[in-house]
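Tertiary structure, described
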Amino acid sequence: MTDTPLPQDAPLPEKDPSRLSLWWQSDFMYTFKRSPVAVVSFTVFALIVLAAIFAPLIAPYNPFDPGSLNLMNGFSAPMTPNAFTGETFWLGTDDQGRDVFSTILYGMRISLFVGAAAVLFAMVLGITLGLLAGYVGGWTETIIMRVADVQLTFPAILVAMLIFGVAKGITPVEYRDQMAIWVLIIAIGLSDWVQFARVVRGATLVEKNKEYVQAARLIGRTSPAIMLRHILPNVLSPVLVIATISLALAIIAEATLSFLGVGAPPTQPSLGTLIRIGQGFLFSGEWWILLFPAVTLLVLALSVNLLGDWLRDALNPRLR
Amino acid sequence: MLAYIIQRIAQSFLVLLVVGAVAFSMFRFVGDPIDNMLGQERTQADIERLRTQLGLDQPFPVQYVKFLAGAVQGNFGVSYRQGRPVSQILVERAPATLELAAVSGFLAISIGIGLGVFTAIRRDGFTANAIMSLSLIGVSLPTFLIGILLIYLFSVELGWLPSFGRGDTVRIGWWTTGFLTESGLKALILPSITLGLYQMTLIMRLVRSEMLEVLRQDYIRFARARGLRDRAVNFRHALKNTLVPVITVTGLQLGSIIAFAIITETVFQWPGVGLLFINAIQFVDIPVMAAYLMLISVMFVGINLIVDLLYFSIDPRLRADRTGGH
Amino acid sequence: MTKPILSIRDLTVEIPTRYGILRPVDGVSYDIAPGEILGVVGESGAGKSMAGNAVIGLLSPPAHISKGEIHVNGTRIDNLKGDAMRKLRGKQIGMVFQDPLTSLNPLLRIGDQLTETILAHLDVTRDQAQQRAIAALEEVGIPGARERVNSYPHEFSGGMRQRVVIALALCAEPSLIIADEPTTALDVSVQAQIIALLKQLCRTRDTAVMLITHDMGVIAEAADRVAVMYAGKLVELGPVRDVLTKPSHPYTDGLMGSTPLASRGKARLHQIPGAMPRLDNLPTGCAFHPRCPYSTDKCAADPAPTLQDGGGAAACFFPLPHKAKVA
């Protein structure tokens, strides 16, 4: 028989690893660290987000302060001193003398803000409706799901365009520019809630029949309390995967809508708006007004998509 | 089987009615049609006359039905912006969009399926990986950005291809075609690549992932265990099983080509219904918006229906289930 | 002694993973003679299916054969690649999988699946292949073969489907059949029919059969000899009567004790305590020693002896029956 070691000979127990180091060593982070694509795209995306957040500190000029603009600065080429004022701008200026580098920084802000806010809105709306549909069932569920089905027949961007167009028609002309950003957020959010609702409804249906829900009901918890405190935390994980991909899609949707002229206005331009403006100057030779915002959007879209792609594969249980 | 078909058609009708209601509401409640159509110098009498003429004094449901009746006959009212009947404008602009969509769709399907099968079979090859990486770009980048960059490269820098418009077109009956002129064909190249690229990469990645999934199935292993050649396994067994689910998604995607044409047409100033729609939104030209909405719905709902029925007829298992098989 | 159809020597399959190298098949050796049915038995994960996959050359990467040799009809095959290996499959080695529902392509008629296999290996015309296909279906007992040959897989019941699968495996007339859990997915009543069919077909054609299963009842019913596998290793090999009634390895003894057999008349089913270890967590010495009622220090320290080929030997330092009780 093998001997059990005596107590005084037993090795000291190792300190429990901290939760952070557990997470750092987990399979998930292992896949992350081994994938150059994931690391690079995450770094790039993080840089862009930081640049956008700290734009007021980084940007050499505030392009939206009319007082600081000098029309004579207009059409400067990148890194060459302006013929009239002698000032040099890293990435050149546009037709109104705005520094392209600064406008890009502020544009990124708007692009990211609208994208994130839209996804948040879609999530809240979708999760709420999904929970209701799954938990309450009956007519509520039928109506919500039918509406979802009808909406799904159409591409999201078309829905967003339509909502924007209708909202524009309703808003009095003088408020249109100001409201544009908010309308944009609502439009993109409304076009995107369905996938969240569906997933949450499915998960709710599963959770609804589990014992902890029945137990909660027995002790007299109200329905909203049950939905929020008990069911919700358990249906969140697939939602997070969808959310990351939604973010990528929302950013692109915003850029597209702004480019088409049914999005962020020139007074509060996002990267899409800047590209739209830039296209007008392509053939007259001022290529920088288009190219730099375009490249920025390219980098942003790529990094956020690659990251989302990788995340989806990493969290997909079937591929392990 | 008949029951299923009838059920699907009924569903489709319901959707169309709902969309019709939405379009109609837009018509009635967004902006004031009277306001839009008459100039500043209007008298009360003018307003009353137009009101009766447009039937705006009648009860809501009556107006709705009349709207639908008109829509079915192709009468969508008069454009606020151009002052012409909407149906006339649509007929004029439709060929441009349809030709563009057809060429893009053809490119997307043929290249998409071809590359999808290739990258699935040669899974670990260098070319396959390179193609997959490039395809990520096709999926990640917004369509308009691809269009802009193509214009920058091929029109501005290289000067090979035109950057806007359809080129010279030839009129045949009520249709105008760009296929018959050199400038027409040249003008089609960049826009159709732009429009088709997203669909193409989507189809390619779908075919690839479906095929990889199919290739993992037991019946493929069994086919290999029986010593069948790779070509037989890949094309006779795997491809057929791959294409069945692909068809459904592809069909739906093709419908959205017409919708996404909006973006491409804007980038290239292509005179189709997409550009018309965008301009309509910018000018709040409600009749055009409503008309476009209705037409697009009919198209989408119709495509969904056809694809569903097609799927049904291809997969023998579904047929058996419905007829109460063995 | 007639030449064996299948001969594997010291076969080892390795899978490199993040946690180290796993060996689902470790130093396994056995032969199968023409017309003989060798049962390969063990718990799930013991490596029996892997060995079968290795023989027919369908290991999924990164699993690969790292050591040992496989000979079929005298020719070495473990070092064959690509097309050379493909030609063997179906023609010399046939395989039957567990689930008849997923083994058949749902979109192709079974007649087409049969004829394509026949045409791939035998030099016959289309019509001749069609005739052969119908004959194959008749042979496995499908009624109305002439009409059913144009049916789709989903139009058959589970048992019928497995017959079709057997017909497919045999239609190119291989000399070895690897049957991987052929009855596990079937109803008990159908299991007996399929086993009987397999036995009868292989006797008449002198086909060697590797019958892989975890079900001792199937082994008792069908096999001539039995190979017992545990954690990748072969622990016992011998004629079925001997192994089942007088097992030499403690694990086999435990298995037999936990099988309800009418002859044993025990009041309670014996259960081997613990579970088979995971391949990345193998114990030192003999892989079975933590669960063995007779294990000693030697069993924990030294790796168990390998099996001598022949018959009746067990991979154990202290094979049963024990003359005296060991502490």
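Notes on the overall build of chain B
The helix and strand tally for chain B stands at 13 helices and two strands. Taken across its 326 residues, chain B has 40% of its residues classed as buried. Taking the contacts inside chain B whose residues are at least 6 apart along the sequence as the reference set, 70% of them involve residues at least 24 apart.

Here we look at the overall build of chain A
Each helix and strand in chain A was counted, giving twelve helices and zero strands. In chain A, the succession of helices and strands from N to C terminus is α-α-α-α-α-α-α-α-α-α-α-α. Per-residue burial for chain A yields a buried fraction of 40% across its 320 residues. If you take every contact in chain A between residues at least 6 apart in sequence, the share linking residues at least 24 apart comes to 67%.

Focus on the pairing of strand E7 (residues 176-180) of chain C
All names here are of chain C. Where burial is concerned, most of E7 is hidden: five out of the five residues are buried. Of the two faces of E7, both are covered, the one formed by Leu176, Ile178 and Asp180 as well as the one formed by Ile177 and Ala179. With four bridges connecting them, strand E6 (residues 93-96) and E7 associate as parallel partners. Bridged to Ile93 within E7 is Leu176. Looking at chain direction, E7 and strand E8 (residues 208-213) are connected through five bridges and run parallel. Residue Ile178 lies in a different strand from E8, and its bridge partner there is Met210. Following the backbone out of E7, through helix H8 (residues 188-205) and into the adjacent parallel E8, one traces a crossover that is right-handed.

Concerning the nonpolar core
One finds Leu184(A), Phe277(B), Leu38(C), Ala167(C), Val209(C), Met210(C) and Leu211(C) to be the most contacted residues of the largest nonpolar core, which totals 245 residues. Leave out the neighbours within four places in its chain, and Val209(C) touches Ile37(C), Leu38(C), Ile177(C), Ala179(C), Leu198(C) and Cys202(C).

Remarks on the interface of chain B and chain A
Chain B puts 31 residues into the contact, and the matching count from chain A is 31 residues. For the side of chain B that touches chain A, the elements supplying multiple residues, two or more each, are helix H1 (2-29), helix H6 (126-140), helix H7 (143-157), helix H10 (230-268), helix H11 (273-283) and helix H12 (286-314) of chain B. Here the side of chain B that touches chain A is built from residues that sort into 25 nonpolar, six polar and no charged.

Here's the deal with the sheet that holds strand E5 (residues 75-76) of chain C
Residues and elements named next belong to chain C. Spatial ordering of the open sheet is given by E2-E1-E4-E5, a layout of four strands whose pairing is antiparallel. Both edges of this open sheet fall to strand E2 (20-32) and E5, since each of them pairs with a single strand only. In this sheet, strand E4 (residues 64-72) lies alongside strand E1 (residues 6-17) in antiparallel orientation, the contact comprising seven bridges. When the sheet's bridge partners are listed, Val13 is paired in E4 with Ile65. Strand contacts of helix H1 (residues 48-56): E1, E2 and E4, with the helix running at about 110° to E1, the strand carrying the most contacts.

Section: the environment of Ala54(C)
All names here are of chain C. In this fold, Ala54 is placed in helix H1. Counting along the chain gives 41 residues from Ala54 to Val13, while the straight-line C-alpha distance between them is 7.7 Å. Residues within four places of Ala54 in sequence aside, it is in contact with Leu11, Val13, Val25, Leu59 and Ile65.

Some points on the pairing of E1(C)
Residue and element names in this part refer to chain C. Summarising the sheet, E1 and E2 pair through eight bridges and their orientation is antiparallel. Each residue of the ladder has a partner; that of Thr17, found in E2, is Gly20. Counted between consecutive antiparallel strands, the loop separating E1 from E2 contains two residues.

Some words on the sheet that holds strand E9 (residues 225-230) of chain C
All names here are of chain C. Strand order in the open sheet made by the six strands is E6-E7-E8-E3-E9-E10, with mixed pairing throughout. Looking along the sheet, the strands with just one partner apiece sit at the ends: E6 and strand E10 (233-239). Neighbour to neighbour, the strand axes of the sheet diverge by 15° on average, direction disregarded. Across the sheet, helix H7 (residues 158-170) touches E6 and E7, and the angle it forms with E6 is around 165°.

Some details on the packing of helix H5 (residues 100-136) of chain A against helix H10 (residues 223-260) of chain A
All names here are of chain A. Orientation of H5 relative to H10, taken along the N-to-C sense of each, is 145°, at an axis distance of 7 Å. For the crossing formed where H5 meets H10, the hand is right-handed. Contacts between H5 and H10 involve Ser111, Val114, Gly115, Ala116, Ala118, Val119, Ala122, Met123, Ile127, Leu131 and Tyr135 from the first element and Ser223, Met227, Ile231, Leu232, Val239, Ala243, Ser246, Leu247, Ala250, Ile251, Glu254 and Ala255 from the second. Split into classes, the residues belonging to the contact of H5 with H10 amount to 18 nonpolar, four polar and one charged.

Concerning unusual backbone geometry
Here Pro61(C) and Pro62(C) are connected by a cis peptide whose omega angle stands at 5°. Here Pro62(C) lies in the loop between H1 and E4. You will see that Gln269(B), though not glycine, has its phi angle at about 50°, which is positive. One can find Gln269(B) in the loop between H10 and H11. On the neighbour-count criterion, Gln269(B) (12 C-beta atoms within 10 Å) is exposed. Positive phi, normally seen in glycine, also occurs at Glu181(C), with a value near 50°. Along the chain, Glu181(C) turns up in the loop between E7 and H8.

Regarding H5(A)
The terminal C-alpha atoms of H5(A), which comprises 37 residues, lie 53 Å apart, in line with the 54 Å expected from a rise of 1.5 Å per residue. Looking one or two residues beyond H5(A), the residue adopting positive phi is Gly137(A), at roughly 70°.

So, the packing of helix H8 (residues 182-215) of chain B against H10(B)
All names here are of chain B. Their axes nearest at 8 Å, the elements H8 and H10 cross at an angle of 160°. Classified by the interaxial angle, the pair formed by H8 and H10 is roughly antiparallel. H8 and H10 meet at a crossing whose hand is right-handed.

Structural notes on the confidence of the model for chain B
Residues and elements named next belong to chain B. Confidence in the prediction for chain B averages 80 pLDDT; 88% of positions are at 70 or higher. In the model of chain B, helix H13 (residues 316-323) stands out as the element of lowest mean pLDDT, 51, in contrast to helix H9 (residues 218-225), which has the highest, 89. The model gives residues 321-326 a pLDDT under 50, and that stretch makes five contacts with residues more than four places away or in other chains. For this predicted complex, the interface confidence score (ipTM) comes to 0.82, while the overall pTM stands at 0.71.

Let's talk about helix H5 (residues 126-139) of chain C
Quick reminder: α-helices carry 3.6 residues per turn. Residues three or four places apart thus point the same way. All names here are of chain C. Under the 1.5 Å per step criterion, the end-to-end length of H5 is 20 Å for 14 residues, consistent within 8% with the ideal 20 Å. For H5, the set of buried residues is Ala129, Arg132, Ala133, Ala136 and Leu137. Angular distribution of buried residues about the axis of H5 spans 140°; they occupy a single face of the element. Where the residues of H5 are buried, they touch helix H4 (110-121), helix H6 (145-148) and H7. Backbone geometry just after H5 places Gly141 at a positive phi near 85°.

Calculation notes
Position numbers for residues count from 1 along each chain, tracking the sequence in the order it is written. Written order decides the labels, with chains lettered from A and ligands numbered from 1. Selection of residues for local features in this predicted model requires a pLDDT of at least 70, selection of side-chain atom pairs for listing and counting requires 80 or more, and totals for whole chains, interfaces and linings are taken over all residues. Helical segments are the DSSP runs of H or I of at least four residues, strand segments are the runs of E of at least two, and each set is numbered from the N terminus. With C-beta atoms placed from the backbone, a residue is buried if 20 or more other C-beta atoms are within 10 Å of its own, exposed if 12 or fewer are, and partly exposed between those counts. What counts as a contact is two residues whose backbone-derived C-beta atoms lie within 7 Å of each other. The pairing criterion is simple: DSSP has to find at least two bridges between the two strands. Call a crossover right-handed when, viewed with both strands pointing away from you, the route from the first strand across the helix to the second goes clockwise. As used throughout, a nonpolar core is a set of buried Ala, Val, Leu, Ile, Met, Phe, Trp, Tyr and Cys residues joined through C-beta atoms within 7 Å of each other. Side-chain classes follow a simple rule in which Ala, Val, Leu, Ile, Met, Phe, Trp, Tyr, Cys and Pro form the nonpolar group, Asp, Glu, Lys and Arg form the charged group, and the remainder, Gly included, forms the polar group. Angles here are taken between N-to-C directions and fall from 0 to 180 degrees, while the axes themselves are lines fitted to C-alpha atoms, restricted in helices to the stretch in contact. Should the near helix be turned anticlockwise from the far one by less than a right angle, the crossing is termed left-handed; should it be turned clockwise, right-handed. To estimate how far a helix should extend, the number of its residues minus one is multiplied by 1.5 Å. Reported orientations rely on four angle classes, namely roughly parallel under 35 degrees, roughly antiparallel over 145, roughly perpendicular from 65 to 115, and oblique for the rest. Each residue carries a pLDDT score, the predictor's confidence in it, ranging from 0 to 100. By construction, the arc corresponds to the directions joining the helix axis to the C-beta atoms.

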